[in-house]
Amino acid sequence: MLLCNLNIIGQAGSKNISLENGVIKKITNPGAANIPDEMRINFENVIAFPGLINSHDHLDFNLFPQTGNRVYNNYAEWGKDIHTENKATINAVLNIPLQTRIQSGIYKNLLNGFTTVVNHGEKLNTRSDLINVIQNNHCLHSLQFEKNWKVKLNNIFKIFQSCVIHIGEGTDRASHKEIDRLLKWNLFNRKIIGVHGVAMDEDQAESFKALVWCLGSNYFLLNDTAAIDELKTQTNILFGTDSTLTSSWNLWYHLRLARNTLLVTDEELFDMLTVQPAAVWGLKGLGKIAERYTSDIIVAKRNSALNDFDSFFALNPEDILLILHNGEIRLFDEELKDQLAGINQSFQLFSKICINEKTKYVFGDVPPLIKERFTHPESSPICV
């Protein structure tokens, strides 16, 4: 297969990408490749970028509406409040079958352009090859909500695994001191990847392998976020969406919030979704559009009046034209249907959906999940 006339973010000029057996075989200038017409997909005025990597989500929590009643000082205060004031809503979602909730989380990620997600919590049976689901880390919830966290942190059978934990998720002094407490009890100096770190300072950040920045969730709960401009000098910064329990389903809303903080450059923010998490999570062959890399590729509409980064950060899910995962088409826009039919692409296993009145075809049986999701008015603007 040959993808033609792509503006690849970070690469000058229009390019063709040749794919073979799930791998990027060659990247050439337009007209340089000799391949039969029936294997070509031609684009016009688009940007291309590697399948994005979501470094923090709870896949089974993505049928929840955003749930909170005020601005909180920390996550423990929020947790206590919603389990008192929003108990009926929480129970209603938890009564939905687990596999339905998991699949909803997977599709939320796919529709946003993620081809890899790091799930936090107990290992789930994802039953899906739509995207990569990373679950090979040692997950602890938090110091407040993880029983026997000191013992689990220092489990000698897991000291060679990275430990992933919510930490410093608050704006009060207790949230800052919680980070010191975690580091004090890290007796074997395990590699720790923190999530949120709103109360974290530079000295503390130096002791972490990485920090996952979940800006949308931070603003919703705490009306504040981590000092990423300072922390990025001491540790690796990754980007995560968190679940819809505390944040918008739309990744691109999160990214525009992050960009508007001016805490990071456009290049840094893009790297937090691509090369940086690929390196931290040990995901070989991901995070770049480059020869011999896995063909996880997103193609989206480009605003010709904007540069590539401005076009990228202005995207919404409805602007995505094509998603490839391991070289397999997982989503395509209706405008590509005739071309795909011409290369003998079968549509039998795809579902037709609309996102803000734009028609997409998504691999799998999506309508039941969309209908379940739309029991909540805060859900995404998708219909079947």
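Residues numbered from 1 in each chain as written. Predicted model: local features only at pLDDT ≥ 70, side-chain atom pairs only at ≥ 80, totals over all residues. Heavy atoms only, no water.

## Side note on the overall build of the protein
Applied cut-off: By definition, any uninterrupted DSSP run of H or I lasting at least four residues is a helix, any uninterrupted run of E lasting at least two residues is a strand, and each is numbered from the N terminus. As a reference, a globule follows 2.2 Å times the number of residues to the power 0.38, and the radius of gyration itself is taken over C-alpha atoms. Three labels apply to residues, based on accessible area from a 1.4 Å probe with only protein chains included: buried if under 20% of the type maximum, exposed if over 50%, partly exposed otherwise in between. Counting rule applied: Lys, Arg positive; Asp, Glu negative; His and chain ends not counted. For the purpose of locating charges, the reference atoms are NZ of Lys, CZ of Arg, CG of Asp and CD of Glu.
From N to C terminus, the protein includes 14 helices and 19 strands. The C-alpha radius of gyration of the protein comes to 21 Å, within 12% of the 21 Å expected for a compact globule of 384 residues. Each principal axis of the C-alpha distribution contributes one length, and for the protein these read about 65 × 45 × 40 Å. Counting the 384 residues in the protein, one finds 56% classified as buried. Measuring between centres, the 37 positive side-chain charges of the protein sit 6 Å from its 43 negative side-chain charges.

## A short note on the sheet that holds strand β12 (residues 210-213)
To keep things clear, this is the line we draw: We treat two strands as partners when DSSP finds at least two bridges between them. With axes taken as lines fitted to C-alpha atoms, and helix axes fitted only over the stretch in contact, angles between N-to-C directions fall between 0 and 180 degrees.
In space, the five strands of this open sheet follow the order β9-β10-β11-β12-β13, with parallel pairing throughout. Two strands in the sheet have a free side with no partner beyond their single neighbour: β9 (138-140) and β13 (236-239). Strand-to-strand, the axes of this sheet are offset by a mean angle of 25 degrees, without reference to chain direction. Examined bridge by bridge, β9 and strand β10 (residues 163-167) share three bridges and lie parallel to one another. The partner of His 138 across the bridge, within β10, is Cys 163.

## Comments concerning the confidence of the model for the protein
Where we set the bar: A residue's pLDDT is the predictor's confidence in that residue, given on a scale from 0 to 100. Note on contacts: a residue pair qualifies if any of its non-hydrogen atoms lie within 4.5 Å across the two residues.
Residues of the protein with pLDDT of at least 70 account for 95%, and the chain-wide mean is 93. Under a pLDDT of 50 for its full length, residues 374-379 has, in the predicted model, nine contacts with residues more than four places off or in other chains.

## Some details on the pairing of strand β3 (residues 23-28)
Bridging between strand β2 (residues 14-20) and β3 involves five bridges; their strand directions are antiparallel. Considered in β3, the bridge of Asn 16 is made with Thr 28. Hairpin connection, β2 to β3: the antiparallel pair is bridged by two residues, and Asn 21 has positive phi, about 55 degrees.

## Overview of helix α3 (residues 98-111)
To be explicit about the condition: By definition here, a helix of n residues has an expected span of 1.5 Å times n minus one.
Compared with an ideal rise of 1.5 Å per residue, which puts 14 residues at 20 Å, α3 spans 20 Å between its outermost C-alpha atoms and is within 8% of the ideal. Turning to α3, its buried residues are Arg 101, Ile 102, Gln 103, Ser 104, Gly 105, Ile 106, Tyr 107, Lys 108, Asn 109, Leu 110 and Leu 111. Looking at the residues trailing α3, positive phi occurs at Gly 113, about 100 degrees.

## Things to note about the sheet that holds strand β8 (residues 132-134)
Ordered in space as β6-β7-β8, the three strands form an open sheet in which the pairing is parallel. Only two strands of the sheet have a single neighbouring strand rather than two, namely β6 (52-57) and β8. Each neighbouring strand pair of the sheet contributes to a mean axis angle of 20 degrees, computed without reference to strand direction.

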